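Structural features, examined
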Amino acid sequence: MVKIEVRARAPGKIILSGEHAVVHGSTAVAAAINLYTSVNIAFTSGSDDMLKLELKDMELEPSPSTPLTCSTGSLKSIASLLEEKNIPEAKITLAAGVSTFLWLYTAIQGYKPATVAVTSELPLGAGLGSSAAYCVSLSGALLAFSEYCELDYSQQGWVSFKNSELDLVNKWAFEGEKIIHGRPSGIDNTVSTYGNMIQFRSGELTRLKSNVPLKMLITNTKVGRNTKALVAGVSERKVRHPEAMASLFNAVDSISKELSDIIQTPASDEIAVTEKEEKLKELIEMNQGLLQCMGVSHASIETVLRTTLRYNLCSKLTGAGGGGCLLRSWNPVAFNASSLGLVAMAWSI
Ligand SMILES: Nc1ncnc2c1ncn2[C@@H]1O[C@H](COP(=O)(O)OP(=O)(O)O)[C@@H](O)[C@H]1O
Ligand SMILES: C[C@@](O)(CCOP(=O)(O)O)CC(=O)O
Ligand SMILES: [Mg+2]
């Protein structure tokens, strides 16, 4: 029996400014964090005890070089397959993750038998981009063993993808995010793929080099929520109040641009550092106010905001809101930015 295993790992993220507005064309700033999702795929042949994916009614020929959107018809076939699995109500949000897996697997690798294991250090559905880390690590693992990636498997440990390979993985991951988010901006899969800190607008990324020590504390309200529903809610508010919402998105665009300028400009002395910190604090406060106007805050988020304000610290929700996580600025507790995006390793046994 031949067994080839590949493992890919992709980070979660924080959005420093611009969530939701980025879906409507505004600039946003995001950074990768050092919490990862890993996907392990063991391709097997000649064994009976293997997982077999039977999705033949989708009549899909794999074509890894051209990322495809999952059609409504295919999504329905996948949904009816999942119905047979009787996923318990408490875990129903995972159905989107399973559908995404089935789509990406069959579209990239066809019906090859394999065993796939996914593990994540990220809280699921909390605003730290678990869906994107899942889509990126899965697409990465699936493409790592295709003719479209030339990874150097003779190296021990994690190996990086070439830029053109990352571009392909990122496009597939975006197709996966569409199944989970409905209408993603692409910022989460992009920062998870390339790592570091990025500015993102209408599908275009600019890599940022930070000149200020970015220290953020992440608080999890542990209130569950669903990105797809929150993103749809903002779009509905935009239909009801197009001009007011356009003004909010414009304001967010200015905040993100100012924030990335401050982050990138070197500070000449201690006074300049303090001034920058004060400005960033204010921008975070303003962004949170605008997110409240978009209708994506939550009582649990407001409680954390009030608590931190007592100590003169500013917080904002990060990700889709409605619960989930907040960022608190300029606290001595640092988050470790992940300089790495997607990486993979492979071996045969
Ligand atoms: N490790 C994982 N395994 C299976 N599904 C996952 C995994 N990580 C994320 N998902 C899918 O992504 C969903 C959460 O995505 P989302 O609501 O966008 O929140 P976030 O991306 O902030 O964590 C989960 O409900 C699940 O469908
Ligand atoms: C709300 C949004 O801006 C970010 C969502 O992030 P998360 O899934 O909550 O981690 C949506 C998007 O940009 O696709
Ligand atoms: Mg998500």
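Residues numbered from 1 in each chain as written. Chains lettered and ligands numbered in written order. Predicted model: local features only at pLDDT ≥ 70, side-chain atom pairs only at ≥ 80, totals over all residues. Heavy atoms only, no water.

1. Some points on the coordination of the magnesium ion (ligand 3)
For the magnesium ion (ligand 3), the full set of protein donor atoms is Ser131 (OG) and His181 (NE2), at a range of 2.1 to 2.3 Å. With Ser131 in helix 3 (residues 130–144) and His181 in helix 4 (residues 163–181), the pair connects residues that are 50 residues apart, well separated along the chain. With respect to class, Ser131 is no different from His181; both count as buried. (Donors = N, O, S within 2.8 Å, 3.2 Å for Na, K, Ca; no water. Helix = DSSP H or I, 4+ residues; strand = E, 2+ residues; numbered from the N terminus. Buried < 20%, exposed > 50% of the residue type's maximum accessible area, 1.4 Å probe, protein only.)

2. Thoughts on the site of ligand 1
Around ligand 1 there are 20 residues in total, and Thr93, Gly125, Gly127, Ser130 and His181 lie nearest to it. Measuring from an oxygen atom of ligand 1, one finds a side-chain N or O atom of His181 at 2.8 Å. In the complex, the protein chains occlude 90% of the 570 Å² of accessible area that ligand 1 would expose alone. At the level of elements, helix 2 (94–109), strand 3 (114–120), helix 3 and helix 4 are the ones that each hand at least two residues to the shell around ligand 1. Of the residues in the shell around ligand 1, the class split is nine nonpolar, ten polar and one charged. (Near = heavy atom within 4 Å. Polar contact = N/O pair within 3.5 Å; in protein donor to acceptor, adjacent residues only side chain to side chain. Areas by Shrake-Rupley, 256 points an atom, 1.4 Å probe, with all protein chains shown as cover. Nonpolar A, V, L, I, M, F, W, Y, C, P; charged D, E, K, R; others polar.)

3. Regarding the domain arrangement of the chain
Each domain of the chain was delimited in the assignment, giving domain 1 (2–208 + 337–348) and domain 2 (216–329). If you look at the interface, domain 1 gives 32 residues, while domain 2 gives 34 residues. The shortest N-O distance in the salt bridge between Lys316 and Glu19 comes to 2.9 Å. Between domain 1 and domain 2 we count 15 residue pairs in polar contact (both at pLDDT 80 or more) in total. (Domains from an automatic or database assignment. Contact = heavy atoms within 4.5 Å. Salt bridge = Lys/Arg side-chain N within 4 Å of Asp/Glu carboxyl O.)

4. Considering the packing of helix 7 (residues 242–264) against helix 8 (residues 270–294)
What describes two packed helices is the angle between their axes and the distance between those same axes. Direction vectors running N to C along helix 7 and helix 8 enclose 160°, while the axes themselves pass 10 Å from each other. With respect to each other, helix 7 and helix 8 are oriented roughly antiparallel. Regarding helix 7 and helix 8, the two cross each other, and that crossing is left-handed. Listed contacts from helix 8 to Met245, Leu248, Phe249, Ala251, Val252, Ile255, Glu258, Leu259, Ile262 and Ile263 of helix 7 are Lys276, Lys279, Leu280, Leu283, Met286, Asn287, Leu290, Cys293 and Met294. Here the residues of the contact of helix 7 with helix 8 are counted per class, giving 15 nonpolar, one polar and three charged. (Axes fitted to C-alpha atoms, helices over the stretch in contact; angles between N-to-C directions. Parallel < 35°, antiparallel > 145°, perpendicular 65-115°, else oblique. Left-handed = near helix turned anticlockwise from the far one by under 90°.)

5. Some points on the packing of helix 3 against helix 4
Where helix 3 meets helix 4, the axes come as close as 8 Å, and the angle between the chain directions of the two elements is 135°. It follows that helix 3 is oblique to helix 4 by the angle criterion. In this structure, the crossing between helix 3 and helix 4 has a hand that is right-handed. Counting all contacts with helix 3, which are made through Ser131, Ala132, Tyr134, Cys135, Val136, Ser139, Gly140 and Leu143, the residues of helix 4 involved are Leu168, Val169, Trp172, Ala173, Gly176, Glu177, Ile180 and His181. Classifying every residue of the contact of helix 3 with helix 4 by side-chain character gives ten nonpolar, five polar and one charged.

6. Structural notes on the site of ligand 2
Around ligand 2, 19 residues are found, and the nearest of them are Lys13, Ser185, Arg225, Thr227 and Ala320. At a separation of 3.3 Å, an oxygen atom of ligand 2 approaches a polar backbone atom of Gly127. Residue Gly129 places a main-chain N or O atom 3.0 Å away from an oxygen atom belonging to ligand 2. With the chains in place, 98% of the 380 Å² that ligand 2 exposes on its own is no longer accessible. Here the residues of the shell around ligand 2 are counted per class, giving eight nonpolar, seven polar and four charged. Counting only domains with at least three residues in the shell around ligand 2, you end up with domain 1 (2–208 + 337–348) and domain 2 (216–329).

7. Considering the environment of Arg9
Structurally, the position occupied by Arg9 is in strand 1 (residues 2–17). A relative accessible area of 16% places Arg9 in the buried class. Taking the C-alpha atoms as reference, Arg9 lies 33 Å from Glu277; in sequence the two are 268 residues apart. Setting aside its immediate chain neighbours within four residues, Arg9 contacts Tyr36, Thr37, Ser38, Ser137, Trp158, Leu340, Gly341, Leu342 and Val343.

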